[in-house]
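Read off the chains here:
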Amino acid sequence: MKPFAILALAATALTLTSCGDNLVAAKPLNVVSGHIVMSATPDRPAVGYFRVQGGPQPVQLVAVTADLAQRVEMHESVKENGVVTMKPLLRAGVPAEGELVFKQGGKHLMIWGINGAAVRAGKLPMAFVFTNNNNERILFDMVIKQPEATATIRMDHGAMDHGSTEQGAETAPDATKK
């Protein structure tokens, strides 16, 4: 009887070990990189770029906030009728085990009034809010970079309409360049 009990215990241990491997293989939802580029003039907003690694379930990024900034908005640069415009985003999808990238020329953050202490420290703590687990928040320190002296493409975000966004739509209407 003892050899049977030992064999059963070994089989159970191997089964549990293989279950643990499956649990470890699933990577959690996470903000894996990001930075902010300050505007060349203090009256213009800074811009933020980042990458989110998706977890086991698809989710939506519904907000990005910062206690040390006056306002943070998600935007997307889109080409309509041959003209590039910028529109506010209310949400952005993060595919399961995929990634969401906010980068120059596409989705990005507009950040107004970053606290001077955060600029001097070189980082801005931000909270990324997702539609899972009762609006899960992931905290991430975005590195603050000074504006590049020679950029090949610059977009004048200050001349664009950054009005309030309307709930329920992916992209808010009537937010075109003036």
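The preceding data block contains the structure.
Thresholds applied
Residues numbered from 1 in each chain as written. Predicted model: local features only at pLDDT ≥ 70, side-chain atom pairs only at ≥ 80, totals over all residues. Heavy atoms only, no water. Helix = DSSP H or I, 4+ residues; strand = E, 2+ residues; numbered from the N terminus. Areas by Shrake-Rupley, 256 points an atom, 1.4 Å probe, with all protein chains shown as cover. Phe/Tyr/Trp six-rings, centres within 6.5 Å; stacked < 30°, edge-to-face > 60°. Buried < 20%, exposed > 50% of the residue type's maximum accessible area, 1.4 Å probe, protein only. Core = buried A, V, L, I, M, F, W, Y, C linked by side-chain atoms within 4.5 Å. Contact = heavy atoms within 4.5 Å. Pairing = 2+ DSSP bridges. Salt bridge = Lys/Arg side-chain N within 4 Å of Asp/Glu carboxyl O.

What to know about the overall build of the protein chain
No. 1: Counting its secondary structure elements, the protein chain contains two helices and 10 strands.
No. 2: For the protein chain, the N- to C-terminal ordering of α and β elements is α-β-β-β-β-β-β-β-β-α-β-β.
No. 3: For the protein chain, the computed accessible surface area is about 10900 Å², with 55% contributed by carbon and sulfur atoms.

Re the packing of aromatic side chains
No. 1: The full count for this structure, using the stated rule, is two aromatic pairs.
No. 2: A ring pair is formed by F50 and F102, whose centres lie 4.3 Å apart and whose planes are at 25°; its orientation type is stacked. Taken together, the residues span a long stretch of sequence, with F50 in strand β2 (residues 46–53) and F102 in strand β7 (residues 99–102) at a distance of 52 residues. Grouping residues by exposure puts F50 and F102 together as buried.
No. 3: Consider the rings of F50 and F128, whose centres lie 4.8 Å apart with planes at 70°: the pair is edge-to-face.

Some words on the nonpolar core
No. 1: Of all hydrophobic cores here, the largest spans 31 residues; its most connected members are I36, L109, I111, I114, L124, M126 and F128.
No. 2: Sequence-distant contacts of M126, defined by excluding residues within four places in its chain, comprise I36, V64, T65, A66, V72, L109, I111, I138, L139, F140 and M142.
No. 3: Membership of the second largest hydrophobic core comes to six residues, among which are V47, Y49, M86 and M110.

Topic: the pairing of strand β8 (residues 107–114)
No. 1: Burial runs high along β8: six of the eight residues are buried.
No. 2: Where β2 lies against β8, three bridges are found, and the strand directions are antiparallel. Each bridged residue has a counterpart across the sheet, and for G48 the counterpart in β8 is L109.
No. 3: Bridge analysis of strand β4 (residues 69–80) against β8 gives seven bridges, and the strand direction is antiparallel. Looking at β8, one finds that E76 is bridged to K107.

As for the pattern of salt bridges
Side-chain pairs of opposite charge can arise whenever the charged atoms involved come near each other.
No. 1: Using the criterion set out here, one finds five salt bridges in the structure.
No. 2: The residue R51 makes a salt bridge to E99 at a minimum N-O spacing of 2.8 Å. Taken together, the positions of R51 in strand β2 and E99 in strand β7 put the pair 48 residues apart, joining distant regions of the chain.
No. 3: In this structure E99 comes out as partly exposed when scored by relative accessible area, which is 41%.
No. 4: Between D141 and K123 there is a salt bridge, with its nearest N and O atoms 3.6 Å apart. In this pair, D141 is assigned in strand β10 (residues 137–145) and K123 in strand β9 (residues 123–130), connecting sequence segments 18 residues apart.

Considerations on unusual backbone geometry
No. 1: Of note in this structure, N81 is not a glycine but carries a positive phi near 55°.
No. 2: Inspection of the secondary structure assignment puts N81 in the loop between β4 and β5 (83–88).
No. 3: Even without a glycine there, the phi angle at E97 is positive, about 55°.
No. 4: Assignment of secondary structure puts E97 in the loop between β6 (92–94) and β7.

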